Amino acid sequence: MVFDENLYKAPFYDYDLIRREVMNFVNHYSISADVPIDIDYIVEFDLGMDVVPLNGLHLAFGIDSWLSKDLKTVYIDEDVFKRSDNRYRFSLAHEVGHFWLHGDFIRKFDFSNTTEWKEFQSNFPSEQYSWFETHAYDFAGLLLVPAEKLRHKFDEQISLVVGAGEKVEKFSNEILLGFITRRLGDYFQVSKGVVEKRIFKDGLTLKPGG
Amino acid sequence: MRFGEYVKKIRQQKQITLRRFCLEHSFDPGNHSKLERGILNPPQDEDKLKSLAYALGIKQGSNEWEEFFSLAFIENGKIPKEIMENGLIVSKLPLFFRTLKGEKIDETKMDKLIQLIRES
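For clarity, every value in this text was computed on a predicted model and none was experimentally measured.

Caption draft 1: Representation of the overall build of chain A. When helices and strands are counted, chain A shows 10 helices and three strands. In sequence order, the secondary structure elements of chain A are arranged as α-α-β-α-β-β-α-α-α-α-α-α-α. Along the three orthogonal principal directions, the C-alpha set of chain A runs to about 65 × 35 × 35 Å. Residue burial in chain A is summarised as follows: out of 210 residues, 50% are buried. Expressed as a percentage of contacts within chain A between residues at least 6 apart in sequence, the contacts between residues at least 24 apart total 70%. Surface accessibility of chain A: about 10000 Å² in total, with carbon and sulfur atoms responsible for 50%. One way to put it: in chain A the 24 positive side-chain charges average out to a point 6 Å from where the 34 negative ones average out.

Caption draft 2: Highlighting the packing of helix H7 (residues 126–144) of chain A against helix H10 (residues 192–201) of chain A. All names here are of chain A. For the pair H7 and H10, interaxial distance at closest approach is 10 Å and the crossing angle is 90°. Overall, the two elements H7 and H10 adopt an arrangement that is roughly perpendicular. Contact residues: Tyr137, Asp138, Gly141 and Leu142 in H7; Gly193, Val194, Lys197 and Arg198 in H10.

Caption draft 3: Region of interest: the packing of aromatic side chains. This model, assessed by the stated rule, comprises 31 aromatic pairs over all chains. Between the aromatic rings of A:Phe105 and B:Phe96, the centroid separation amounts to 6.0 Å while the plane-to-plane angle is 25°, which identifies the pairing as stacked. A residue pair is termed interchain when its members come from two chains, as with A:Phe105 in helix H5 (residues 85–108) and B:Phe96 in strand S1 (residues 94–99). Just as A:Phe105 is buried, B:Phe96 falls in that class too.

Caption draft 4: Structural detail: the pattern of salt bridges. In this structure the tally under the stated criterion is 19 salt bridges over all chains. Residues B:Asp28 and A:Lys82 are paired through a salt bridge, measuring 3.6 Å at the closest nitrogen-oxygen approach. Pair noted here: B:Asp28 is in the loop between helix H2 (18–25) and helix H3 (29–36) and A:Lys82 is in helix H4 (residues 78–83), and the two residues belong to different chains. Relative accessible area serves as the criterion here: at 30%, A:Lys82 is assigned to the partly exposed category. Across the pair B:Glu36 and B:Arg11 runs a salt bridge, and its minimum N-O distance is 2.8 Å.

Caption draft 5: The arrangement of empty space enclosed by the protein in detail. Residue and element names in this part refer to chain A. Tallying each qualifying case throughout the model produces one cavity of 30 Å³ or more. As a volume, the largest cavity reaches approximately 40 Å³. Looking at the largest cavity, the residues that line it are Tyr15, Tyr137, Asp138, Gly141, Val194, Lys197 and Arg198. For the lining of the largest cavity, the secondary-structure elements that each account for two or more residues are H7 and H10. Partitioned by chemical class, the residues of the lining of the largest cavity number three nonpolar, one polar and three charged. Each of domain 1 (15–144) and domain 2 (147–201) accounts for three or more of the residues forming the lining of the largest cavity.

Caption draft 6: Structural view of the interface of chain A and chain B. Across the contact, 56 residues belong to chain A and 42 residues belong to chain B. When residues of chain A are sorted by the area they lose upon contact with chain B, A:Phe61, A:Trp117 and A:Tyr129 head the list and together hold 16% of the total. Between B:Lys92 and A:Asp70 there is a salt bridge; the shortest N-O distance is 2.8 Å. Summed over the shared surface of chain A and chain B, the result is 22 residue pairs in polar contact (both at pLDDT 80 or more). With 10 residues, H5(A) is the largest single contributor of residues to the side of chain A that touches chain B. Here the side of chain A that touches chain B is built from residues that sort into 26 nonpolar, 17 polar and 13 charged.

Caption draft 7: Looking closely at helix H4 (residues 46–55) of chain B. Residues and elements named next belong to chain B. Listed as buried for H4 are Leu49, Leu52, Ala53 and Ala55. Buried residues of H4, seen end-on, are gathered within an arc of 165° and therefore sit on one face of the element. Sitting at the amino-terminal end of H4 is Asp45, which places a side-chain oxygen 3.1 Å from the backbone nitrogen of Asp47.

Caption draft 8: Looking closely at the sheet that holds strand S2 (residues 63–68) of chain A. The strand order across the open sheet built from four strands is S1(A)-S3(A)-S2(A)-S1(B), with neighbouring strands paired in mixed fashion. Edge positions in the open sheet fall to strand S1 (50–54) of chain A together with S1 of chain B, since each of these has one partner strand only. Here the average twist between neighbouring strands, direction ignored, is 20°. The sheet contacts of H5(A) involve S1, S2 and strand S3 (73–77) of chain A together with S1 of chain B, and relative to S1(B) the element is tilted by about 150°. Its contacts with the sheet place helix H7 (residues 107–119) of chain B against S1, S2 and S3 of chain A together with S1 of chain B, and it is angled at close to 70° to S2(A).

Caption draft 9: Focus on the domain arrangement of chain A. Residue and element names in this part refer to chain A. According to the domain assignment, chain A consists of domain 1 (15–144) and domain 2 (147–201). Contacts between the two partners involve 13 residues from domain 1, matched on the other side by 12 residues from domain 2. Taking both sides of the interface into account, the surface hidden between domain 1 and domain 2 amounts to around 1200 Å²; carbon and sulfur atoms contribute 54%. At the boundary of domain 1 with domain 2, the tally comes to one salt bridge. Across the pair Lys197 and Asp138 runs a salt bridge whose closest N-O atoms are separated by 2.8 Å. Those elements that provide at least two residues to the side of domain 1 that touches domain 2 are helix H1 (15–28), H5 and H7.

Cut-offs and rules
- Residues numbered from 1 in each chain as written.
- Chains lettered and ligands numbered in written order.
- Predicted model: local features only at pLDDT ≥ 70, side-chain atom pairs only at ≥ 80, totals over all residues.
- Heavy atoms only, no water.
- Helix = DSSP H or I, 4+ residues; strand = E, 2+ residues; numbered from the N terminus.
- Buried < 20%, exposed > 50% of the residue type's maximum accessible area, 1.4 Å probe, protein only.
- Contact = heavy atoms within 4.5 Å.
- Areas by Shrake-Rupley, 256 points an atom, 1.4 Å probe, with all protein chains shown as cover.
- Lys, Arg positive; Asp, Glu negative; His and termini not counted.
- Charge placed at Lys NZ, Arg CZ, Asp CG, Glu CD.
- Axes fitted to C-alpha atoms, helices over the stretch in contact; angles between N-to-C directions.
- Parallel < 35°, antiparallel > 145°, perpendicular 65-115°, else oblique.
- Phe/Tyr/Trp six-rings, centres within 6.5 Å; stacked < 30°, edge-to-face > 60°.
- Salt bridge = Lys/Arg side-chain N within 4 Å of Asp/Glu carboxyl O.
- 1 Å grid on protein atoms, 1.4 Å probe; cavity = no way out; pocket = protein on both sides within 12 Å on 5 of 7 lines; lining within 4 Å.
- Points joined across faces, edges and corners; volume = space filled by probe spheres on them.
- Nonpolar A, V, L, I, M, F, W, Y, C, P; charged D, E, K, R; others polar.
- Domains from an automatic or database assignment.
- Buried area = accessible area lost by both parts, 1.4 Å probe.
- Polar contact = N/O pair within 3.5 Å; in protein donor to acceptor, adjacent residues only side chain to side chain.
- Arc of directions from axis to C-beta.
- Pairing = 2+ DSSP bridges.

Here is the structure:
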């Protein structure tokens, strides 16, 4: 197989484009807006993929999951599968991101043996590789934390603080953000980090001018 | 139809994901996934087979019950396919890995990964 550097080029997807792609995905598969998003169901039933737990995947390789080249199987670390709801859900959503955003890219490559696959991996420029991963990460966050629900729950949490007789201005951004991300993380069943990034990307502000 | 395919079909007819099924019935997910994909043979132990049938909501004496046990019996006479063909392995390899740092893995790990898929 001849490797051409251009073949590895990640498509240009900014956050807004990925946001639109998530909406297209949701509409295409008529995904319910109920939270938490039932990503487990989406993968197995809407996309018809197999979820295959592999023992020691994270310990031995530092890998949580991957989508197979034939786009039919999500392999996932067995410990994540059994014990970590949020990571399990996010990993699946991340692989769905590769499926939806990078399906055409993935289909372009045809390896006839494992040597060709290894050559492909070795030649993949790290910078381009990172872009693909960033796309899938953003897709997962947008899918699991829908914008409208995020805004609504965010405002609700701010009101809770104010309603409790506390002025929002009294708290440092760090404390307020920690409180809100924990509550919203529980609600959307994602990590605090995912919520924090979604809040930031959607331009939701904790305090006037803040 | 093979036994594993049948088990998967019944589970999916009930709209239950693999994860939910394993967690609710305390089945080992790795082994159950292998069973559904025909990599592991059905349990030889009758009690274990019955537990699986009950977990799938198959009623004793029903046509499904009969089919479930017939397929298990037939399947147990076969040798499980332990090594996948090269072409199939390639189709199951990733282009991207979800790692904590979003980085690629080195060549030694790639070899081990191929081995892991071969045995999965």
